[in-house]
Amino acid sequence: MTEAEAREQLDAHVCEIIEWHFNPETGSPFWLEKAQSFNFDPRKDVKCFDDLKKFDHFEDEWLRGGPIRRWVPKAYENEKVYVFETGGTTGIPKSRAVVNDHWIDYENFSDTLPDEHFPKGGNWLMLGPSGPRRLRLAVEHLCQHRGGICFCVDLDPRWVVKLIKRGNMAEMEAYRDHVIDQAVTVLSAGHDIKCMFTTPKLLEALAMRLMEDGTSIKEQGITGIFSGGTEFTPQWYRFAMEELIEGVYMTPTYGNTLMGLACSKPFDPADEYKISYHAPQPRAVIEVVDFDDYNKLVGYGETGRVKLTTLTKELFVPGFMERDEGEREKPCEPYPWDGVSGVRPYHEFATTTTVGVY
């Protein structure tokens, strides 16, 4: 697909999603009510992606608190609905109602995984956040979709963040060790686990523990790892590949409850371990925008704030300003649309952001 074809696909998809969410027969109560205050008619006046600038930027406070069913499109009101949370270390967490999006997002992601490293039928270890988070069910579905069985650990990232904020590092380390104990137990139990999801900090802790035990992630049978989080820097990527998981394939991802998964540009040693992420267009779009004008893209290679637009039949989110910044990257093969590299906490929030297990 060329860049022009990708843009044409995106514009057509925008029209379809706008018609869906603002049609009284199928739309979500939130947007049907919100539309009454607009000075434009989305169904008539939005004809391409650029027309989404007619909407004000999405306020994340709208996702805090209920009723949660206001986000469920009328077309899905008789379907089974999941709810996933994000944030929530303090105050009311943001919530997302989901019917099938978490299945679709991870099935699409599955298509990007090389079978030689993520073998079909291979069992998985989910070493990451559990509870009301989408990752727990989504990774399990990814594993099942590929024919395997998923083993999971208990992990409450909100507790980790609270311990860090209190300065209670001894208890934080004890909790981390408790989580790693669970992972080591699963890996040593003869379940023939081949693949794993985890966060950078937990991967490092697991690798170190296995080294202390005289073994390694590779020797435990792991052949493929998918990982993500703002701690996934080029420096850490090099360290992990050369020191922690030598001989094991790893693919970086950037994602959240609203976006799904942004895949990384295929690894190229010539890039000095730079990681460029490309959103799962047309279901979600990432833009890197000017710090002072969120409707203005920065130039390629320049730094800006990450702006997310979600475009699925289950959720329409125009212009959500992420708590991240990074550099705008050019389209590449196989992603003929913009990407972002150097993802890190937005500098105005960085001093108040506690990363925790991510």
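Residues numbered from 1 in each chain as written. Predicted model: local features only at pLDDT ≥ 70, side-chain atom pairs only at ≥ 80, totals over all residues. Heavy atoms only, no water.

Trainee: What's the story with the overall build of the protein in this structure? I'm lost.
Mentor: On a plain count of helices and strands, the protein comes out with nine helices and 13 strands. Here the protein holds 358 residues, and the buried ones make up 51% of them. A separation of at least 24 residues holds for 66% of the contacts in the protein among residues at least 6 apart in sequence. As displayed, the protein has an accessible area near 16300 Å², and 48% of this comes from carbon and sulfur atoms. Treating the 40 positive side-chain charges of the protein as one cloud and the 58 negative ones as another, the clouds have centres 4 Å apart. (Helix = DSSP H or I, 4+ residues; strand = E, 2+ residues; numbered from the N terminus. Buried < 20%, exposed > 50% of the residue type's maximum accessible area, 1.4 Å probe, protein only. Contact = heavy atoms within 4.5 Å. Areas by Shrake-Rupley, 256 points an atom, 1.4 Å probe, with all protein chains shown as cover. Lys, Arg positive; Asp, Glu negative; His and termini not counted. Charge placed at Lys NZ, Arg CZ, Asp CG, Glu CD.)

Trainee: Can you walk me through unusual backbone geometry in this structure?
Mentor: What is expected of a backbone is that most residues other than glycine have negative phi and most peptide bonds are trans. Residue Pro282 follows Gln281 across a cis peptide bond; omega there is 5°. Structurally, the position occupied by Pro282 is in the loop between β9 (276–278) and β10 (284–289). Glu333 connects to Pro334 through a cis peptide bond whose omega is 15°. Topologically, Pro334 is positioned in the loop between β12 (316–329) and β13 (339–345). Positioned with a positive phi, Asp192 is a non-glycine residue whose angle comes to about 55°. Mapped onto the fold, Asp192 is located in the loop between α7 (169–187) and β5 (193–198).

Trainee: Could you clarify how one ought to interpret the packing of aromatic side chains in this entry?
Mentor: Each aromatic ring pair is specified by the distance between its two centres and by the angle formed by the two planes. The final tally for this structure, using the stated rule, is 34 aromatic pairs. Look at Phe38 and Phe40: their rings are 5.1 Å apart centre to centre, the planes differ by 5°, and that puts the pair in the stacked class. Judged by relative accessible area, Phe38 falls into the partly exposed class, the value being 21%. The class of Phe40 is buried, set by a relative accessible area of 13%. Judged by centre distance (5.4 Å) and plane angle (85°), the rings of Tyr237 and Tyr273 are edge-to-face. Of this pair, Tyr237 sits in helix α9 (residues 234–244) while Tyr273 sits in the loop between β8 (260–264) and β9, and the two are 36 residues apart along the sequence. (Phe/Tyr/Trp six-rings, centres within 6.5 Å; stacked < 30°, edge-to-face > 60°.)

Trainee: Even after reading the chapter, I still don't get the side chain of Ser130, so can you show me in this structure?
Mentor: Relative to the elements of secondary structure, Ser130 occurs in the loop between β3 (123–127) and α5 (134–145). For Ser130, the side chain forms a polar contact with the main-chain nitrogen of Leu155, separated by 2.9 Å. (Polar contact = N/O pair within 3.5 Å; in protein donor to acceptor, adjacent residues only side chain to side chain.)

Trainee: Please explain the environment of Thr251 as it appears in this structure.
Mentor: Examined against the element boundaries, Thr251 turns out to sit in strand β7 (residues 249–256). Counting along the chain gives 137 residues from Thr251 to Pro114, while the straight-line C-alpha distance between them is 9.9 Å. Dropping the residues within four chain positions of it, Thr251 is found in contact with Phe109, Leu113, Phe118, Ile225, Phe226, Ser227 and Ser264.

Trainee: How should I be thinking about the side chain of Glu287 in this particular structure?
Mentor: Along the polypeptide, Glu287 turns up in strand β10. Excluding its chain neighbours within four sequence positions, the residues that come into contact with Glu287 are Phe49, Leu297, Arg305, Val306, Lys307 and Thr309.

Trainee: Would you mind showing me how to read the nonpolar core here?
Mentor: Across soluble globular proteins, nonpolar side chains have a tendency to be buried as a group. Among the nonpolar cores identified, the biggest contains 76 residues, and Leu206 and Ile217 are the most heavily contacted of them. Considering every element that reaches this core, the biggest residue donor is α7, with eight residues. Excluding its chain neighbours within four sequence positions, the residues that come into contact with Ile217 are Met196, Leu203, Leu206, Ala207, Leu210, Ile222, Ile225, Ile245 and Val248. Of all hydrophobic cores here, the second largest spans 21 residues; its members include Phe109, Leu113, Leu142 and Leu261. (Core = buried A, V, L, I, M, F, W, Y, C linked by side-chain atoms within 4.5 Å.)

Trainee: What's the story with the pattern of salt bridges in this structure? I'm lost.
Mentor: In a structure, side chains of opposite charge can pair up when their charged atoms sit close to one another. Scanning the model with the defined rule gives 24 salt bridges in all. Here Glu140 ties to Arg136 by a salt bridge, and the two come within 2.8 Å at their closest N and O atoms. Placement of both Glu140 and Arg136 in helix α5 is noted, with a separation of four residues, approximately one turn of the helix. You can call Arg136 partly exposed: its relative accessible area is 24%. What emerges from the salt-bridge pattern is a single network uniting Arg96, Asp101, Asp105, Arg134 and Arg283. (Salt bridge = Lys/Arg side-chain N within 4 Å of Asp/Glu carboxyl O.)

Trainee: So what exactly am I meant to see when it comes to helix α4 (residues 101–110) here?
Mentor: Every α-helix carries 3.6 residues per turn, so stepping three or four residues along brings you back to the same face. Along α4, seven of the ten residues are buried, which leaves the element largely enclosed by surrounding structure. Regarding α4, the residues found buried are Asp101, His102, Trp103, Asp105, Tyr106, Phe109 and Ser110. On its buried face, α4 is in contact with β1 (82–86), β2 (94–98), α5, β6 (224–228), β7 and β8.

Trainee: Any chance you could explain the sheet that holds strand β11 (residues 303–311) here in plain terms?
Mentor: Sheet strands pair via backbone hydrogen bonds, and the direction of the pair is either parallel or antiparallel. Here eleven strands make up an open sheet; going across it, the order is β4-β3-β5-β6-β7-β8-β9-β13-β12-β11-β10 and the pairing mixed. The open sheet has two free edges, formed respectively by β4 (150–152) and β10, since each of these has just one partner strand. Neighbour-to-neighbour, the strand axes of this sheet turn through a mean angle of 40°, independent of strand direction. Relative to β5, β3 is paired through five bridges, and the arrangement is parallel. Counterpart to Trp124 in the pairing with β5 is Cys195. On top of the sheet, α7 reaches β3, β4 and β5; it is set at about 170° to β3, its chief contact. (Pairing = 2+ DSSP bridges. Axes fitted to C-alpha atoms, helices over the stretch in contact; angles between N-to-C directions.)

Trainee: Quick question: what am I supposed to make of the pairing of β10 here?
Mentor: If a strand is regular, its side chains alternate between the two faces of the sheet. In terms of burial, β10 is a largely internal element, six of the six residues being buried. Summarising the sheet, β10 and β11 pair through six bridges and their orientation is antiparallel. Bridge assignment links Val288 to a residue of β11, and that residue is Val306.

Trainee: Looking at this structure, how should I read the environment of Arg209?
Mentor: Position of Arg209 relative to the elements: it lies in helix α8 (residues 200–212). Considered as a pair, Arg209 and Arg158 are 51 residues apart in the sequence and their alpha carbons are 23 Å apart.

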